[in-house]
Amino acid sequence: MDYFIISAVLVFISAIFGYINVRFLKLPNTIGLMLITIVFTLAVFVIGYVDDTLLNAERYIISKIDFKTVLLDIMLSFLLFAGALHTNFEQLKVQRWPILVFSTLGVLVSTFLVGTIMFYLLKMTPMQVDYIHCLLFGALISPTDPIAVLGILKQAGAPKKLETKIVGESLFNDGVGVVVFLTIFKMASSGGSPVEPIEILELFGVEVIGGILWGLLIGWITYRMMRSIDDYDIEVIITLAAVMMGTVVAQKLHLSAPLAMVTAGLVVGNDTVRNSAMSETTETYVDKFWELLDILLNTLLFVLIGMEMLVISFETSYIVAGLIAIPIVLGCRYLSLLMPIKFFEKKLDFVPGTSLVMTWGGLRGGISIALALGLTQDMNRDLFLVITYVVVVFSIIAQGLTVGSLVKRVAK
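The rules behind the values
- Residues numbered from 1 in each chain as written.
- Predicted model: local features only at pLDDT ≥ 70, side-chain atom pairs only at ≥ 80, totals over all residues.
- Heavy atoms only, no water.
- Helix = DSSP H or I, 4+ residues; strand = E, 2+ residues; numbered from the N terminus.
- Expected span 1.5 Å × (residues − 1).
- Buried < 20%, exposed > 50% of the residue type's maximum accessible area, 1.4 Å probe, protein only.
- Arc of directions from axis to C-beta.
- Contact = heavy atoms within 4.5 Å.
- Polar contact = N/O pair within 3.5 Å; in protein donor to acceptor, adjacent residues only side chain to side chain.
- Patch = residues over 30% accessible without salt bridge, like charges linked within 9 Å, V, L, I, M, F, W, Y side chains within 5 Å.
- Areas by Shrake-Rupley, 256 points an atom, 1.4 Å probe, with all protein chains shown as cover.
- Salt bridge = Lys/Arg side-chain N within 4 Å of Asp/Glu carboxyl O.
- Phe/Tyr/Trp six-rings, centres within 6.5 Å; stacked < 30°, edge-to-face > 60°.
- Axes fitted to C-alpha atoms, helices over the stretch in contact; angles between N-to-C directions.
- Parallel < 35°, antiparallel > 145°, perpendicular 65-115°, else oblique.
- Left-handed = near helix turned anticlockwise from the far one by under 90°.
- Nonpolar A, V, L, I, M, F, W, Y, C, P; charged D, E, K, R; others polar.
- Core = buried A, V, L, I, M, F, W, Y, C linked by side-chain atoms within 4.5 Å.
- Domains from an automatic or database assignment.
- Buried area = accessible area lost by both parts, 1.4 Å probe.

Bringing helix 11 (residues 232–252) into the picture now. The first and last C-alpha atoms of helix 11 sit 30 Å apart over 21 residues, in line with the 30 Å expected at 1.5 Å per residue. Considered for burial, the residues of helix 11 that qualify are Glu235, Val236, Ile238, Thr239, Ala242, Val243, Gly246, Thr247 and Ala250. For helix 11, the angular spread of buried residues about the axis comes to 155°, placing them on one side. Along helix 11, the residues that are exposed and aim more than 90 degrees away from the buried face are Ile237, Met245 and Lys252. Buried residues along helix 11 sit in contact with helix 4 (67–85), helix 10 (197–227), helix 12 (257–269), helix 13 (271–277) and helix 14 (280–307). Capping of helix 11 at its N-terminal end is provided by aspartate 231; its side-chain oxygen lies 3.2 Å from the backbone amide nitrogen of aspartate 233. Following helix 11 by one or two positions, histidine 254 adopts a phi angle in the positive range, close to 60°.

The following block contains the structure:
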């Protein structure tokens with residue numbers, strides 16, 4: 001019963017905050033909801049000095065929610081499938097090579113650049129951090145968050161070519177980023193015993209390639225089932241079952257569920273499958289169902305991100321480290337994209353300012369926080385959690401509010 005009450009309270013808070021944003025602030029939902037939640041939580045802190053009833057209630061809710069499990073094991077699959085379902089498959093196919101390089105090589109380069117720079121900077125402070133733990137931070141902060149990116153870019157009016165690159169990259173790089181994080185995490189947890197290169201390749205290969213192949217199979221089965229009937233109610237349920245059981249099986253087989261759901265969503269959502277497997281009515285209902293689910297989960301997610309302030313130890317030195325990390329993360333992202341963009345820009349007619357917009361528009365979100373929450377105390381969890389939270393809040397609020405202006409100014 002506790003979980004139903006907590007879910008009811010979270011949906012109620014999300015509805016009220018969503019109403020305030022739409023009615024008064026008129027910000028993109030992602031930004032507005034998190035901003036309102038942070039302000040609300042700060043207000044609860046202040047009120048707590050007089051009456052701690054609200055503060056204790058909010059702490060109770062957060063204590064009952066395993067944010068890492070809820071996001072990575074449950075919500076992420078639904079959100080990625082919904083995002084992939086509505087992605088322009090033809091544009092994605094044209095841009096497939098730069099997207100592939102951005103989401104693999106880009107994440108790896110950024111991971112090592114961020115990790116190395118943070119290691120040498122933190123060495124100059126009293127905070128002594130191992131290099132492998134800095135690499136863990138680099139891995140969790142390098143992937144851009146499709147959940148944060150999708151909603152904001154739609155309102156920014158970005159050219160379709162550019163939007164496809166950013167959205168396509170963010171749909172895939174979080175899956176790759178999670179695998180890179182888990183690989184480094186395994187090395188960091190080995191307690192000094194060497195991890196064989198074959199183990200790393202096996203983990204990476206099984207998670208990534210296995211996840212994509214599993215996603216293709218789920219997408220194909222879903223397509224065949226939808227093609228053989230014409231009943232929009234059951235077809236919507238089939239897509240829901242595909243995501244739920246696909247995620248369960250992926251987790252049991254240690255495959256990348258995020259990559260599987262992105263792949264399945266792209267298969268089911270592409271125009272060829274839509275035209276041959278879905279009637280006009282089915283297409284409308286499938287799209288509307290997943291749009292609604294996407295909005296609901298997004299709303300809950302960004303309210304939860306705001307409330308996660310309650311589990312963070314805000315020491316001054318940690319906040320300063322977080323503020324220093326902001327330009328480092330942005331600079332490393334710019335450098336990690338520079339070579340691939342230079343290589344592909346003439347062949348694929350990139351719009352002006354692609355590197356700048358992809359850097360500033362590559363928002364971080366709940367995935368980074370969820371991974372940071374998964375660190376252990378001997379991996380400097382509190383330090384990296386605060387740094388991650390500072391980078392994510394800056395990313396969503398400051399970058400999210402200004403990316404539209406940047407697009408209008410440079411991407412013409």
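Taken together, Ile209, Ile212, Leu213 and Leu216 make up a surface patch of nonpolar side chains, about 350 Å² in accessible area. Within the secondary structure, isoleucine 209 is located in helix 10. In this structure isoleucine 209 comes out as exposed when scored by relative accessible area, which is 52%.

Two measures describe an aromatic ring pair: the distance that separates the ring centres and the angle between the ring planes. Scanning all chains against the criterion turns up 12 aromatic pairs. An aromatic cluster is built from Phe78, Phe81, Phe289 and Trp290, whose rings are joined through pairwise contacts.

Where helix 15 (residues 316–344) contacts helix 18 (residues 381–410), the axes come no closer than 8 Å and their chain directions differ by 55°. Considered as vectors, helix 15 and helix 18 are oriented oblique to each other. The interaxial crossing formed by helix 15 with helix 18 has right-handed handedness. Contact residues: helix 15 offers Tyr318, Ile319, Ala321, Gly322, Leu323, Ala325, Ile326, Val329 and Leu330, while helix 18 offers Asp382, Leu383, Val386, Ile387, Val390, Val391, Phe394 and Gln399. Taken together, the residues of the contact of helix 15 with helix 18 sort by class into 14 nonpolar, two polar and one charged.

Another point: helix 12. For helix 12, which comprises 13 residues, the first-to-last C-alpha distance of 18 Å matches the rise-based estimate of 18 Å (1.5 Å per residue) to within 8%. For helix 12, a buried count of 13 out of 13 residues is recorded, marking the element as mostly surrounded by other parts of the structure. If you check the start of helix 12, you find a side-chain oxygen 3.3 Å away from the backbone N of leucine 259, and it comes from serine 256.

Let us now look at the packing of helix 6 (residues 96–123) against helix 9 (residues 160–188). The contact between helix 6 and helix 9 brings their axes to 8 Å, and the two run at 45°. Between helix 6 and helix 9, the interaxial angle falls into the category oblique. At the point where helix 6 passes helix 9, the crossing takes the right-handed sense. For the pair formed by helix 6 and helix 9, the contact residues are Ile99, Phe102, Ser103, Thr104, Val107, Leu108 and Thr111 on the first element and Thr164, Lys165, Gly168, Glu169, Phe172, Asn173, Val176, Gly177, Val180 and Ile184 on the second. Of the residues that constitute the contact of helix 6 with helix 9, the class distribution is eight nonpolar, seven polar and two charged.

What follows concerns the nonpolar core. Ranked by size, the top nonpolar core spans 135 residues in total, and within it Phe67, Phe137, Trp290 and Ile387 carry the most contacts. Tallying contributions element by element places helix 18 first for this core, with 15 residues. Three or more residues apiece are contributed to this core by two domains, here domain 1 (3–64) and domain 2 (67–411). In contact with tryptophan 290, other than residues within four places in its own chain, are Phe78, Phe81, Ala82, Leu85, His86, Thr239, Leu240 and Val243.

Here we take up unusual backbone geometry. Phi at histidine 254 is positive, roughly 60°, even though this residue is not glycine. Position of histidine 254 among the secondary structure elements: in the loop between helix 11 and helix 12. Of note, the phi angle at asparagine 380 is positive, near 60°, even though the residue is not glycine. Residue classification places asparagine 380 among the partly exposed positions, given a relative accessible area of 22%.

Locating lysine 165 in the fold gives a position in helix 9. Given the relative accessible area of 0%, lysine 165 is considered buried. A distance of 3.4 Å separates the side chain of lysine 165 from the side chain of glutamine 95, its partner in a polar contact. The residues contacting lysine 165, other than those within four sequence positions of it, are Gln95, Ile99, Phe102, Phe350, Thr354 and Met358.

You'll often see interface size given as the accessible area lost when the parts meet. Partitioning the chain into structural domains gives domain 1 (3–64) and domain 2 (67–411). Distance from the C-alpha centre of domain 1 to the C-alpha centre of domain 2: 25 Å. Contacts between domain 1 and domain 2 engage 22 residues on the former and 23 residues on the latter. Counting each side, the surface lost to burial between domain 1 and domain 2 is near 2100 Å², with a carbon and sulfur contribution of 86%. On the domain 1 side of the interface with domain 2, the three residues burying the most area are Thr30, Met34 and Ile62, jointly 32% of the side's total. In this structure, the connection of domain 1 to domain 2 is made through zero salt bridges. Linking domain 1 with domain 2 are zero residue pairs in polar contact (both at pLDDT 80 or more), by the criterion used here. Of all the secondary-structure elements, those providing two or more residues to the side of domain 1 that touches domain 2 are helix 1 (2–25), helix 2 (29–48) and helix 3 (53–63). Per element, the largest residue contribution to the side of domain 1 that touches domain 2 is 10 residues, and it comes from helix 2. Taken together, the residues that form the side of domain 1 that touches domain 2 break down as 16 nonpolar, four polar and two charged.

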